Amino acid sequence: MEDENGFGGITRREMLAGTAVAVTALAITRVTGLEAAPAAPIVTPVESAGVSFSVNGKAVNLQIDTRTTLLDALREHLNLTGTKKGCDHGQCGACTVLVNGRRINSCLSLVLQHENDSITTIEGIGTPENLHPMQSAFIKHDGYQCGYCTPGQICSAVAVLEEIKAGVPSHVSADLNGPMKFSNAEFRERMSGNICRCGAYSNIAQAAAEVAGVEG
Amino acid sequence: MKSFTYERAETPAQAAAAASKPGAKFLAGGTNLLDLMKLQIETPTHLIDIGRIGLDKIEPTPDGGLRIGALVRNTDLAADLRIRADYGILSRALLAGASGQLRNKATTAGNLLQRTRCPYFYDTNQPCNKRSPGSGCSALAGFSRQLAVIGCSDACIATHPSDMAVAMMALDAVIETVKPDGKTRQIPISGFYRLPGKTPHLETNLDKNELITSVVLPTPVGGIHVYHKVRDRASYAFALVSVGAILFKDGGGRIALGGVAPRPWRVPSAEKLIPKGAKEFASRLMEGARPTKENAFKLTLVQGTIEGALTENRS
Amino acid sequence: MKFEKPAGINPIDQLKIIGKPTDRIEGPLKTTGTAKYAYENNQEVTNVAYGYILGSAIAKGTITRIDQSAAKAAPGVLAIVTAANAGTLNTGKFYVSRFLAGPQIDHYHQAVAVVVAESFEQARAAASLLKVDYKKAKGSFDLDAVKDLAQTPPPAQFGPPPQTLTGDFEGAFKTAQVKLDETYTTPDQAHAMMEPHATIAKWEGDKLTCWCSIQQMNWGVRDLANILGIPKENIRLIASYIGGGFGGKGTVLADLVAASLAARAAGRPVKLALQRPLMFNNTIHRPKTIQRIRIGADHDGKITAIGHESWSGNLPGGRTEPATASTRLLYAGANRMTRLKLAVLDLAEGNAMRAPGEAPGMMTLEIAMDEMAEKLNMDPVAFRIKNDTQEDPEKPGRKFSTRKLIECLQTGAEKFGWEKRNAKPGSIQEGQWLIGMGVASAIRGAPIAKSAARVRLDSSGKITVETDMTDIGTGSYTIIGQTAAEMMGIDLDKVTVKIGDSSFPESPGSGGQWGAASSTSGVYAACFKLRETVASQLGLNVGKAQFSDGKVSDGDRSFALGDAAKNGDLVAQDEITYGELSKEYAQTTFGAHFVEVAVNAYTFEIRVRRMVAVCHAGRILNPKAARSQVIGAMTMGVGAALMEEMVVDKRVGFFVNHDLAGYEVPVHADIPYQEVILLEDIDPTMSPMKAKGIGELGLCGVAAAVANAVYNATGVRVRDYPVTLDKILKNTI
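This structure is a prediction, so every number in the text was calculated from the model and none was measured.

The rules we used
Residues numbered from 1 in each chain as written. Chains lettered and ligands numbered in written order. Predicted model: local features only at pLDDT ≥ 70, side-chain atom pairs only at ≥ 80, totals over all residues. Heavy atoms only, no water. Disulfide = S-S within 2.5 Å. Contact = heavy atoms within 4.5 Å. Buried area = accessible area lost by both parts, 1.4 Å probe. Salt bridge = Lys/Arg side-chain N within 4 Å of Asp/Glu carboxyl O. Polar contact = N/O pair within 3.5 Å; in protein donor to acceptor, adjacent residues only side chain to side chain. Helix = DSSP H or I, 4+ residues; strand = E, 2+ residues; numbered from the N terminus. Nonpolar A, V, L, I, M, F, W, Y, C, P; charged D, E, K, R; others polar. pLDDT = per-residue confidence, 0-100. Core = buried A, V, L, I, M, F, W, Y, C linked by side-chain atoms within 4.5 Å. Buried < 20%, exposed > 50% of the residue type's maximum accessible area, 1.4 Å probe, protein only. Pairing = 2+ DSSP bridges. Axes fitted to C-alpha atoms, helices over the stretch in contact; angles between N-to-C directions. Domains from an automatic or database assignment.

Things to note about the state of the cysteines
At step 1: A complete count under the given rule lists zero disulfides over all chains for this structure.
At step 2: Distance from the sulfur of C:Cys700, which forms no disulfide, to the nearest cysteine sulfur (C:Cys615) is 10 Å.

Digging into the interface of chain C and chain A
At step 1: Taken together, the contacts link 73 residues of chain C with 64 residues of chain A.
At step 2: Between chain C and chain A, roughly 5400 Å² of surface is buried when both sides are summed, and carbon and sulfur atoms account for 54% of that area.
At step 3: A per-residue breakdown of the area chain C buries against chain A is headed by C:Thr31, C:Met194 and C:His668, which together make up 16% of the total.
At step 4: Counting the contacts that link chain C with chain A gives five salt bridges.
At step 5: Put simply, A:Asp142 and C:Arg24 hold a salt bridge, and the shortest N to O gap is 2.7 Å.
At step 6: The tally of links between chain C and chain A comes to 31 residue pairs in polar contact (both at pLDDT 80 or more).
At step 7: If you list the elements that add at least two residues to the side of chain C that touches chain A, you get helix H1 (27–30), helix H3 (120–127), helix H8 (276–282) and helix H15 (623–642) of chain C.
At step 8: With nine residues, H15(C) is the single largest residue contributor to the side of chain C that touches chain A.

Topic: the interface of chain B and chain A
At step 1: Facing the 43 residues of chain B at the interface are 46 residues of chain A.
At step 2: For the pairing of chain B and chain A, the buried interface totals around 3500 Å² over both sides, and the portion due to carbon and sulfur atoms is 50%.
At step 3: Summed over the shared surface of chain B and chain A, the number is four salt bridges.
At step 4: Where A:Glu115 meets B:Arg8, a salt bridge forms, and the shortest distance between an N and an O atom there is 3.6 Å.
At step 5: Linking chain B to chain A there are 29 residue pairs in polar contact (both at pLDDT 80 or more).
At step 6: Those elements giving two or more residues to the side of chain B that touches chain A turn out to be strand S1 (5–8), helix H2 (33–38), strand S3 (46–49), helix H3 (74–79), helix H4 (81–86), helix H5 (88–96) and helix H6 (100–105) of chain B.
At step 7: Along the lines of polarity and charge, the residues of the side of chain B that touches chain A split into 17 nonpolar, 13 polar and 13 charged.

Remarks on the confidence of the model for chain A
The predicted coordinates should not be examined in detail at positions where pLDDT is low.
At step 1: Taken over all residues, the pLDDT of chain A has a mean of 84, while the share at 70 or more is 79%.
At step 2: Note that pLDDT drops below 50 for residues 1–44 of chain A; the model gives that stretch 85 contacts with residues more than four away or on any other chain.

Here we look at the nonpolar core
At step 1: Within the largest apolar cluster, 324 residues are counted, with the highest numbers of intra-cluster contacts made by B:Ile306 and C:Val534.
At step 2: Residue contributions to this core peak at 10 residues, all from H15(C).
At step 3: Setting aside chain neighbours within four positions, we find C:Val534 in contact with C:Leu457, C:Met488, C:Phe547, C:Val552, C:Leu561, C:Ala564 and C:Leu570.
At step 4: Among the nonpolar cores identified, the runner-up in size contains 39 residues, and B:Val72, B:Leu90, B:Ala165 and B:Ile246 belong to it.

Considerations on the sheet that holds strand S2 (residues 24–27) of chain B
All names here are of chain B.
At step 1: Here we have three strands laid out as an open sheet, ordered S1-S3-S2, and parallel in their pairing. Of all strands in the sheet, those bounded by a partner on one side alone are S1 and S2. Put simply, the sheet's adjacent strands are angled 25° from each other on average, direction ignored.
At step 2: Inspection of the sheet shows S1 paired to S3 by four bridges, in the parallel sense. Bridge assignment links threonine 5 to a residue of S3, and that residue is histidine 46.

What to know about the pattern of salt bridges
At step 1: The full count for this structure, using the stated rule, is 75 salt bridges over all chains.
At step 2: B:Asp172 is paired through a salt bridge with B:Arg254; the nearest N and O atoms lie 3.5 Å apart. Of the two residues, B:Asp172 is situated in the loop between helix H8 (164–170) and strand S6 (174–178) and B:Arg254 in strand S11 (residues 253–258); the sequence distance between them amounts to 82 residues.
At step 3: Given the relative accessible area of 16%, B:Arg254 is considered buried.
At step 4: One salt bridge connects C:Glu170 with C:Arg294, and the closest N-O pair in it is separated by 3.3 Å. Of the two residues, C:Glu170 is situated in helix H5 (residues 169–174) and C:Arg294 in strand S14 (residues 289–297); the sequence distance between them amounts to 124 residues.
At step 5: Given the relative accessible area of 43%, C:Glu170 is considered partly exposed.

Concerning the domain arrangement of chain A
All names here are of chain A.
At step 1: Split by domain assignment, chain A resolves into domain 1 (47–125) and domain 2 (129–216).
At step 2: Contacts between domain 1 and domain 2 engage 15 residues on the former and 16 residues on the latter.
At step 3: Of the roughly 1300 Å² buried between domain 1 and domain 2 on both sides combined, carbon and sulfur atoms contribute 58%.
At step 4: The largest per-residue losses of area from domain 1 upon contact with domain 2 belong to Arg103, Ile122 and Ile125, which jointly make up 47% of the total buried on that side.
At step 5: Here arginine 103 and glutamate 163 are joined by a salt bridge, their closest N and O atoms 2.8 Å apart.
At step 6: Elements represented by at least two residues in the side of domain 1 that touches domain 2 include exactly strand S5 (96–99) and helix H2 (122–125).
At step 7: Classifying every residue of the side of domain 1 that touches domain 2 by side-chain character gives five nonpolar, six polar and four charged.

Comments concerning H5(B)
All names here are of chain B.
At step 1: Counted residue by residue, H5 has nine buried out of nine residues, so it is predominantly covered.
At step 2: Listing the buried residues of H5 in full gives Gly88, Ile89, Leu90, Ser91, Arg92, Ala93, Leu94, Leu95 and Ala96.
At step 3: After H5 finishes, the residue alanine 98 shows a positive phi value of roughly 55°.

Focus: the pairing of strand S10 (residues 198–204) of chain C
Residues and elements named next belong to chain C.
At step 1: Of all seven residues that make up S10, six are buried, and the element is covered over most of its length.
At step 2: Strand direction decides the pairing type here: S10 and strand S13 (residues 270–273), joined by four bridges, are antiparallel. Bridging across to S13, isoleucine 200 finds its partner in lysine 271.
At step 3: Inspection of the sheet shows S10 paired to strand S11 (residues 207–211) by five bridges, in the antiparallel sense. Bridge assignment links lysine 202 to a residue of S11, and that residue is threonine 209.

Quick word on the sheet that holds strand S24 (residues 558–560) of chain C
Residue and element names in this part refer to chain C.
At step 1: Spatial ordering of the open sheet is given by S22-S23-S24, a layout of three strands whose pairing is antiparallel. This sheet does not close on itself; its edge strands, each paired only once, are strand S22 (546–548) and S24. Each neighbouring strand pair of the sheet contributes to a mean axis angle of 20°, computed without reference to strand direction.
At step 2: Two strands pair when backbone bridges link them, and S22 and strand S23 (residues 551–553) are joined in this way by three bridges, in the antiparallel orientation. Within S23, the residue paired with phenylalanine 547 across the bridge is valine 552.

Looking at the confidence of the model for chain B
At step 1: For chain B, mean pLDDT is 97; residues scoring 70 or higher make up 100% of the total.
At step 2: Predicted complex metrics record ipTM = 0.98 and pTM = 0.96.

Observations concerning helix H1 (residues 70–77) of chain A
All names here are of chain A.
At step 1: In terms of burial, H1 is a largely internal element, eight of the eight residues being buried.
At step 2: Among all positions of H1, only Leu70, Leu71, Asp72, Ala73, Leu74, Arg75, Glu76 and His77 are buried.
At step 3: Just downstream of H1 lies asparagine 79, where phi reads positive at about 55°.

Re the pairing of S11(B)
Residues and elements named next belong to chain B.
At step 1: Counting buried residues in S11 gives six out of six residues, a clear majority hidden from the surface.
At step 2: Of the two faces of S11, the one holding Gly253, Ile255 and Leu257 and the one holding Arg254, Ala256 and Gly258 are both buried throughout.
At step 3: In terms of strand pairing, strand S10 (residues 241–247) meets S11 through six bridges, oriented antiparallel. The residue bridging glycine 244 from the neighbouring strand is alanine 256, located in S11.
At step 4: Once S10 ends, the chain turns through five residues before running back antiparallel as S11, passing glycine 251 with a positive phi of about 95°.

Here it is, written out as structure tokens:
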């Protein structure tokens, strides 16, 4: 069960890390469901640092292993597992989230890089009870199969429509200096960083066209 | 990924100063560095996050060019109206690279400094002179279809993967830096990258911990701007061959290549042959090429791609 | 329920819910990130630790020493599992791979050790501190080099016999008026599903529960029990959502074994996912084939002789890629021959990938047919139609249960505008682009297997279905729900579908294009039993009872369905099994693929512009999900045609391009709008559902249609997949 903020009930316990480099490590423990079973104390030294940002409108403060990516922070520390790990190397797009409204690969970003950022994950785009129009369109057009790349596709598609509105050009824009318009070719080029091995591309393009209000 | 300490720099000077710490490395967008750290190809012990030190503006220079901050994101650079209007080759090159997500994060300086995508460089079990000097080059007699055909050596046939840098090479961009002691300098892009020779691990002429602060584009030169990136899949792939071209009405032009060499490949002295056609120009441009059996096709492909670009834009 | 005679009219034929293009019932979960995949079941475990696999740095040889001192001392490390402390490990019954190396190394990136630590970051860092000393041995990595050493493999559980001969192939081919004798190759391919293989393992005493990502739960339990040497009863596997499989997650692979061992060693639940760069050499793949095809025909285009031989390699004891399967049934011809040969290779295991055998076999057979049509100066569609057969060409008199290959070809040709194709290659150009069109037939067997389900009715009239079937993106949740709703006469939203749990009644899982037809038939059987229970509970005449609109009536009396469960839930469980109909009839699915490509005249970049598929695959249970299966397969076919190849470094013995940047699969920009036409078909010989699979049919032939279109555009015939621009360039100068 998740709490109303979608964070699955996180508790933080401060631990003194007593390390050679004299940093203070905080162990962030996940607690599942309503049973807040205590985690085993983490007594090992880790290089850690603090970061504050917001996820889906909720403030988050973490003291965390410096190596933690935004993706792993979301999935393993904030229990926001809607953002997927497909390759962990920026080669698939399954981990796409919006940072200050712009889409990025959360696997290639340290969580520490996100001080004061405002992050939106798929959980912040819409919920089963209150779907975003893009989510509804994906369902209607069957723009997914296994569902694993889907959160990334949807986050990306939402951002792509904004990018086109903002006039950002693409590789296939015939005129760099002209107005940008949604088209099947524009959408497909802009979405090419989101791989769908099930091959729902044709349906995803139709879903996005519907949301953009044009013929697919 | 090895453990590292982390600090957020506030200013370029602070960042440059912090760089003297042992094992320190700058972290800008991180899209290449973190990838390599996960595989322990890069193993810094201290990261200086320079994401908030400014250097994120594109400003006019007194002589009519543009100064691009080192931390301007690839998306913002490609979308800048001045870049689109006067330096279309740069917009086009950026947009041909990576994905929307990566361009939103990757920076100008980071793009210049990204490392090769040679598959043997990426697999730490395999010998690689670039990753582990002296261990040998696995690619030379291995899988080399993607790799360099010119400018390479017996020690390394890796290519430089950047599209942006190809356009900057054609534009005669100048790279501006600051060193840990605060001294600044300007390096023309033609002198920025090193060829591998026997030291393929040394990729640029930057000093240790020298920080790129900006890239200056000279006054616009006009012409038709083209960037044709040839690859197997239609997007989100590195180039087999890419051609960045600025073509002038008089038949002349500037042409730089990606995907064929350890750095963006341009031979200005060959460009006088552009009016004579792709064949003559390409053979001069690629003089001294030393392809493998697997990537010899790139020589034909270079000529074909240039010919296509010339034909389309001169008709 | 035993299914022995062709089905008559039954409740499914009402088609109130079955056959409708219903949205997937799990759609709101998948589109909001709420569906939980293996690694994400955080709510099920407390105090979880993280596992990380170190893969072998060599392809063949032995481990002489592992120095664990630095890794053990690393922060957060809880345990390190190697062959030395893992206990005896056996292999499973489907894969021959050993999931923990030592002392022998069988292939590159075979797991050498599993490190368990408090965090993912710590486990990953510690794994890199293990110092492994190896003694390298000479391996065999080059199929071309060992082709002549290949042996005839023993008959296999799946796939055609290793050799078939009908009539006098050699004689007929020798004397044929028009002949083709060409050799083709298909490369090693990766499934490259988006979700990496992942497991959370938890021991409670000697009971093991794993949240995992595998397609066949029954095989998974069997194989994990075998590998670990523990009773099947002690294992429970749960895979509610699976992020793609395509055969690459058939049963137990290294993640399940490593997580189980690691959890036992650490005394805590362990989660572990294969890192993407490890997957290509650690798990299984579709192996490379060399295929020789000979076709003889008379001048009128009638095939008189057809022969197909295929060579592949594998680890010792591994299976043969059965690439000759389709050639046995697709076209007429009195004299026929197929032959499989298997060599030993020390690469990662070759095994099933979407339409095993049939996909790579059709990649080559359908180029050969295109080449033959050209030799005969015939239209490729007409040539295929001329050689259609309505009976099994190896067993005259054995009919196909249904077969509309001709209609597939004709319908597709019309929809696609095939008449605009110019048979002369290179004759259509638009700007810098050469335009070409290609066609291929499609065929894929329609296996079906015994399958069980349990259905529960509660007093509110709601039904819960339980079966260990999985949904790997295929739409299982939805079609199982539709089946139960149709059978019980209720709306789809009154059905809860629970699948992907080995504690549920056994299905054959997702694989071999059998999942949809088999699992829904099992649900049919269970619902059939529940209908009887309901009728008798309500005192209704079982034979006359009608289930519709949430009510049950026998004409005289009518009850709300839930009334039958007033005194407690009613539960029925049954299994469907099969008689001999699949021997009596050739049960197969058919299709046709039409593709238009544009090839750049200067660079020979290839881009697909249009795709049309026509499929004939039994009753379509849900046209929306079925169409998605087909477009997905068409997309995979474009990848197979134009880009997908795991490149073998024959010196070192590994797949070099082992990540998703190096192994390119199609992206959005590669795939145009795809049109799919599903021909009406009801096959009563299959099951009460009268349905067949379609997910693998959609892949068979696609790559050849693309390759044929490239030929039509350029005049260059590439016989070694993938068809890349360098291969065209080499042939144009």
